Amino acid sequence: MSLRKITSLTALLALGVLVVSAIFSYLAPRGPGSSAWTALGLGKHGWFSLHTNIGILFLVVSILHTILNIKPVIAYLKNSDGKLRVFTRNFNIALLLTVWVVAGSLFDWPPFSAVANYKEGRGNRERHHEVAVEPEPETKAYPEKMPFLFSRRALSGVCDEYGFDTESIIRRLHNVGIHADGKWSIKRIAEENDTESSTIFEAIRQMQ
């Protein structure tokens, strides 16, 4: 038995499952009633759970794999003279690529925004006519585009910032089929209603 071999093979198998679960998690529909969706005998939330858990396994074995292969990794960080130099050309390229993907995902840069908004855009357009447009007093203009980290904020905090009455917003969300609670984050509201955070953002925006 070899720990190095077991780690490498586990990482390979976990990566395969991670790719499959990522595909089905991405293809899973959003919106009311979508919980009934299944693929290969597994429901939407089942795919989400599998993707999360297999991702944790892949993370653990990847860290262990790096530790077991630390000598080759250190060799990658040496220059042509054999001296250790962290910021080599190869490392800099890898770092820039990683930073680009992370920043693009966080700040909604293309082409990453296309991946995140592909299904959300269609869902939002279908729901526009369902939301009653009614003016609400506010102290700050509600943004046209969902702000960074908006989904992590509590609904009551959002209402306070933009001068909305929390109970009124909750009632009006219920009227369009969205169950909500003032203490819940926008993300939780979206999850409880099998939809996206951008849908909740758009619903509130239409209520101004």
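Residues numbered from 1 in each chain as written. Predicted model: local features only at pLDDT ≥ 70, side-chain atom pairs only at ≥ 80, totals over all residues. Heavy atoms only, no water.

S.K.: I'd like a rundown of the overall build of the protein, residues and numbers included.
M.R.: A count of helical and extended segments in the protein gives nine helices and two strands. N-terminal to C-terminal, the α/β element order of the protein is α-β-β-α-α-α-α-α-α-α-α. For the protein, with 208 residues in total, the buried portion stands at 31%. Nonlocal contacts in the protein, meaning residues at least 24 apart in sequence, comprise 62% of its contacts between residues at least 6 apart. A total of about 13300 Å² of accessible surface is found on the protein, and carbon and sulfur atoms cover 64% of it. (Helix = DSSP H or I, 4+ residues; strand = E, 2+ residues; numbered from the N terminus. Buried < 20%, exposed > 50% of the residue type's maximum accessible area, 1.4 Å probe, protein only. Contact = heavy atoms within 4.5 Å. Areas by Shrake-Rupley, 256 points an atom, 1.4 Å probe, with all protein chains shown as cover.)

S.K.: Requested: an account of the pattern of salt bridges, with residues and values cited.
M.R.: Counted by the stated rule, this structure contains five salt bridges. Notably, a salt bridge pairs Asp194 with Lys44, separated by 3.4 Å at the nearest N-O pair. In this pair, Asp194 sits in the loop between helix H8 (186-192) and helix H9 (197-206) while Lys44 sits in helix H2 (residues 44-68), placing the two residues 150 residues apart along the sequence. A relative accessible area of 12% means that Asp194 is categorised as buried. The buried category is assigned to Lys44, whose relative accessible area is 2%. The partner of Arg153 in a salt bridge is Glu161, and the shortest N-O contact between them spans 2.3 Å. Here Arg153 falls in the partly exposed class, since its relative accessible area comes to 28%. Owing to a relative accessible area of 23%, Glu161 belongs among the partly exposed residues under this scheme. A network of salt bridges, in which partner residues are shared, links Glu144, Glu202 and Arg205. (Salt bridge = Lys/Arg side-chain N within 4 Å of Asp/Glu carboxyl O.)

S.K.: Which residues make up the environment of Met146, and what values go with them?
M.R.: Structurally, Met146 can be placed in the loop between helix H5 (112-127) and helix H6 (155-162). It is 8.9 Å that separates the C-alpha atoms of Met146 and Ser197, two residues lying 51 residues apart in sequence. Dropping the residues within four chain positions of it, Met146 is found in contact with Ser197, Ser198 and Phe201.

S.K.: Can you tell me about unusual backbone geometry, naming the residues and giving the values?
M.R.: In the Ramachandran plot, Leu40 falls in the positive-phi region, its phi being about 55° despite a non-glycine side chain. Residue placement: Leu40 occurs in the loop between strand S1 (38-39) and strand S2 (42-43). For Leu40, a relative accessible area of 71% translates into the label exposed. One non-glycine residue, Asp194, adopts positive backbone phi at about 55°.

S.K.: Describe the packing of H6 against helix H7 (residues 166-175), listing the residues and the values that go with them.
M.R.: Where H6 meets H7, the axes come as close as 9 Å, and the angle between the chain directions of the two elements is 120°. Classified by the interaxial angle, the pair formed by H6 and H7 is oblique. Viewed along their axes, H6 and H7 form a crossing whose handedness is right-handed. Taking contact as the criterion, the partners of Leu155, Ser156 and Cys159 in H6 are, on H7, Thr166, Ile169, Ile170 and Leu173. Per-class residue counts for the contact of H6 with H7 are five nonpolar, two polar and no charged. (Axes fitted to C-alpha atoms, helices over the stretch in contact; angles between N-to-C directions. Parallel < 35°, antiparallel > 145°, perpendicular 65-115°, else oblique. Left-handed = near helix turned anticlockwise from the far one by under 90°. Nonpolar A, V, L, I, M, F, W, Y, C, P; charged D, E, K, R; others polar.)

S.K.: Give a description of the confidence of the model for the protein that names residues and reports values.
M.R.: With 85% of its residues at a pLDDT of at least 70, the protein reaches an overall mean of 81. Here residues 122-138 scores under 50 on pLDDT; set against residues more than four positions off or in separate chains, the count is 38 contacts. (pLDDT = per-residue confidence, 0-100.)

S.K.: So, a nonpolar patch on the surface: which residues are in play, and what are the values?
M.R.: Taken together, the side chains of Leu97, Trp100, Val101, Val102, Leu106, Phe107, Trp109, Phe148 and Leu149 make up a nonpolar region of the molecular surface, amounting to roughly 870 Å² of accessible area. Note that Val101 resides in helix H4 (residues 89-106). Since its relative accessible area comes to 34%, Val101 is described here as partly exposed. (Patch = residues over 30% accessible without salt bridge, like charges linked within 9 Å, V, L, I, M, F, W, Y side chains within 5 Å.)

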